[in-house]
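# Fold and contact review
Here is what each chain is made of, one letter per residue.
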Amino acid sequence: ARALTPQTAETDAIRFLVGTQSLRYDNQIHIIDFDDENNIINKNVLLHQVGEIWHISTSPADKGVLATCYNKTSDSKVMTCAAVWRMPKELESGSHESPDDSSSNTQTLELLCHLDNTAHGNMACVMWEPMGDGKKIISLADNNILLWDLQESSDKAVLSSSAALEGKGQLKFTSGRWSPHHNCTQIATANDTTVRGWDTRSMRQIYSIENAHGQLVRDLDFNPNKQYYLASCGDDCKVKFWDTRNVTEPVKTLEEHSHWVWNVRYNHSHDQLILTGSSDSRVILSNMVSISSEPFGHMVDDDELSDQEDQHQEEKIKEPLQDSVIATYEEHEDSVYAVEWSSADPWLFASLSYDGRVVINRVPRALKYHILL
């Protein structure tokens, strides 16, 4: 398996979706519900009979709707296609109930529409407009950016605009992210060693970070609280943080992994917390305080302090907190292809390795209280 996503519209139950990548069998989407009171994982399985799943993303507005990118073989050629699906009604919301054995017949996804890519090439990923009503989607197909409008019941996708990468060689996008800032009018894409920013209204390029990494860029993520900050990671084993207003140099670079870094994710609530997953089989949680939206820790109210404490406090505030690796998780025995934060609990995250193992972890309690208090 390589595809993992939180169920974005579900903000009460802790829930992730995993897509399988089996060559022999019908592929599946596993709905993973985590009951954090009892530390139990419950699972429901949906059949995805069209092919192995490379990427999965969920609607920000409708719990039951998701999109997948999957392989399809036709005329002995393999194409990566994308489609929008609806899960069965009874599985839409996170539940802590384990399915009864009698009723655990595997159910099938309902196809809402295909994102037709016959003219554009292989689909790399599908992104939903982050704050939207679940009707706007961008897909990346080979060297094309395609903006789709989903109609009322999502059973038809209309291509509303597109842009293409121009240049020499085999240009192909590897991944992209839709920025939650600027009224959701910007996206960032990765192709080869370059990161580019685009305006979705004009479909024009707004910035370009050439040679952002020494090798292929694998993934991107926007800081949810600081509008110009973007993280990237790649095959040079590095994670880099950029200010898109000045792209000559990264603001910070992390070099903790010893193999390709597949995934980088900012925590949605506390943007100093950064998760990365790599084919060195490790997941690393870093505390990047210096470039977060609260760089100097928690200010204490002056009224609460005596004079003596007051001086200490001033000294303490002046001293910025250090960036550090908080924890390295080594529960996986295979390449970690995906890491994701829960959309319901900011202290919880999941990671997925190629052998199909999903691991759910928490931010260490001491750090959690340090951030909160």
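Given the structure is predicted, the values throughout are model-derived calculations rather than measurements.

Conventions used here
- Residues numbered from 1 in each chain as written.
- Predicted model: local features only at pLDDT ≥ 70, side-chain atom pairs only at ≥ 80, totals over all residues.
- Heavy atoms only, no water.
- pLDDT = per-residue confidence, 0-100.
- Contact = heavy atoms within 4.5 Å.
- 1 Å grid on protein atoms, 1.4 Å probe; cavity = no way out; pocket = protein on both sides within 12 Å on 5 of 7 lines; lining within 4 Å.
- Points joined across faces, edges and corners; volume = space filled by probe spheres on them.
- Nonpolar A, V, L, I, M, F, W, Y, C, P; charged D, E, K, R; others polar.
- Salt bridge = Lys/Arg side-chain N within 4 Å of Asp/Glu carboxyl O.
- Helix = DSSP H or I, 4+ residues; strand = E, 2+ residues; numbered from the N terminus.
- Buried < 20%, exposed > 50% of the residue type's maximum accessible area, 1.4 Å probe, protein only.
- Patch = residues over 30% accessible without salt bridge, like charges linked within 9 Å, V, L, I, M, F, W, Y side chains within 5 Å.
- Areas by Shrake-Rupley, 256 points an atom, 1.4 Å probe, with all protein chains shown as cover.
- UniProt positions renumbered as here; feature names shortened; annotations may be inferred.
- Pairing = 2+ DSSP bridges.
- Axes fitted to C-alpha atoms, helices over the stretch in contact; angles between N-to-C directions.
- Disulfide = S-S within 2.5 Å.
- Core = buried A, V, L, I, M, F, W, Y, C linked by side-chain atoms within 4.5 Å.

What follows deals with the confidence of the model for the protein chain. Overall, the predicted model of the protein chain reaches an average pLDDT of 89, with 90% of residues at or above 70. For the stretch residues 299–305, pLDDT sits under 50, and the model shows six contacts to residues farther than four places along the chain or on other chains. Under a pLDDT of 50 for its full length, residues 314–318 has, in the predicted model, two contacts with residues more than four places off or in other chains.

The next subject is empty space enclosed by the protein. Evaluated as defined, the whole model comprises one cavity of 30 Å³ or more. Taken together, C237, K238, V239, L254, E255, E256, H257, V261, T276, I284 and S286 form the lining of the largest cavity. Within the lining of the largest cavity, the residues separate by chemical class into five nonpolar, three polar and three charged.

With that out of the way, let us pick up the pattern of salt bridges. Counted under the stated rule, the structure contains 14 salt bridges. One salt bridge connects D33 with R15, and the closest N-O pair in it is separated by 2.9 Å. Placement of D33 in strand β3 (residues 27–35) and of R15 in strand β2 (residues 14–19) is noted, with a sequence separation of 18 residues between them. Of the two residues, D33 and R15, neither departs from the other in class, the shared state being buried.

On the surface, Y369, L372 and L373 cluster together to form a nonpolar patch covering roughly 330 Å² of accessible area. Mapped onto the fold, L372 is located in helix α2 (residues 365–372). Look at L372 and you get partly exposed, because its relative accessible area is 43%.

With that out of the way, let us pick up the UniProt feature "repeat: WD" (unreviewed entry) in the protein chain. With numbering aligned to this structure, UniProt lists the feature "repeat: WD" (unreviewed entry) at residues 210–246. Across residues 210–246, the secondary structure splits into 0% helix and 46% strand, with the terminal C-alpha atoms separated by 12 Å.

What follows deals with the sheet that holds strand β12 (residues 144–150). The sheet built from four strands is open, its strands ordered β10-β11-β12-β13 with antiparallel pairing. Strands with a single pairing partner mark the edges of an open sheet, and in this sheet they are β10 (123–128) and β13 (157–164). For this sheet, the mean angle separating the axes of adjacent strands, direction not counted, is 20°.

Quick look at the layout of surface pockets now. Of the pockets and cavities examined, the largest pocket occupies roughly 1500 Å³. Every residue lining the largest pocket is counted, 49 residues in all, and those nearest its centre are H55, G176, R177, R265 and E340. Residue assignment for the lining of the largest pocket shows that the elements contributing at least two residues are β1 (3–6), β5 (53–58), β10, β14 (173–178), β18 (217–222), β22 (261–266) and β26 (336–341). The residue makeup of the lining of the largest pocket, split by class, is 24 nonpolar, 16 polar and nine charged.

Right, let's get into the sheet that holds strand β7 (residues 77–86). Strand order in the open sheet formed by four strands is β5-β6-β7-β9, with antiparallel pairing between adjacent strands. Lying at the two open borders of the sheet, with one neighbouring strand each, are β5 and β9 (110–115). The average angle at which neighbouring strand axes cross in this sheet is 30°, direction not considered. In this structure, β5 lies alongside strand β6 (residues 65–74), joined through five bridges in antiparallel fashion.

Bringing the state of the cysteines into the picture now. Scanning the model with the defined rule gives zero disulfides in all. For the unlinked cysteine C69, the closest cysteine sulfur is that of C125, found at 6.5 Å. Judged by its relative accessible area of 0%, C69 falls in the buried class.

Our next topic: unusual backbone geometry. Located in the positive-phi region is D142, a residue other than glycine, with phi close to 45°. Position of D142 among the secondary structure elements: in the loop between β11 (136–141) and β12. Phi is positive for N183, which is not a glycine, with a value near 55°. Here N183 lies in the loop between β14 and β15 (186–191).

On to the environment of G134, then. Here G134 is to be found in the loop between β10 and β11. For G134, a relative accessible area of 7% translates into the label buried. The spacing of G134 and S154 is 20 residues in sequence and 8.8 Å in space, taken between C-alpha atoms. With residues near it in sequence (within four places) discarded, G134 still touches S59, P60, A61, W128 and L150.

Formed by 17 residues in total, the largest nonpolar core has its most connected members in V84, L115, M123 and I137. Of all the secondary structure elements, the ones that give two or more residues to this core are β6, β7, β9, β10, β11 and β12. Every residue in contact with I137, bar those within four places of it in the chain, is listed here: V84, L115, V126, M127, W128, L146, L147, W148, L150 and W178.

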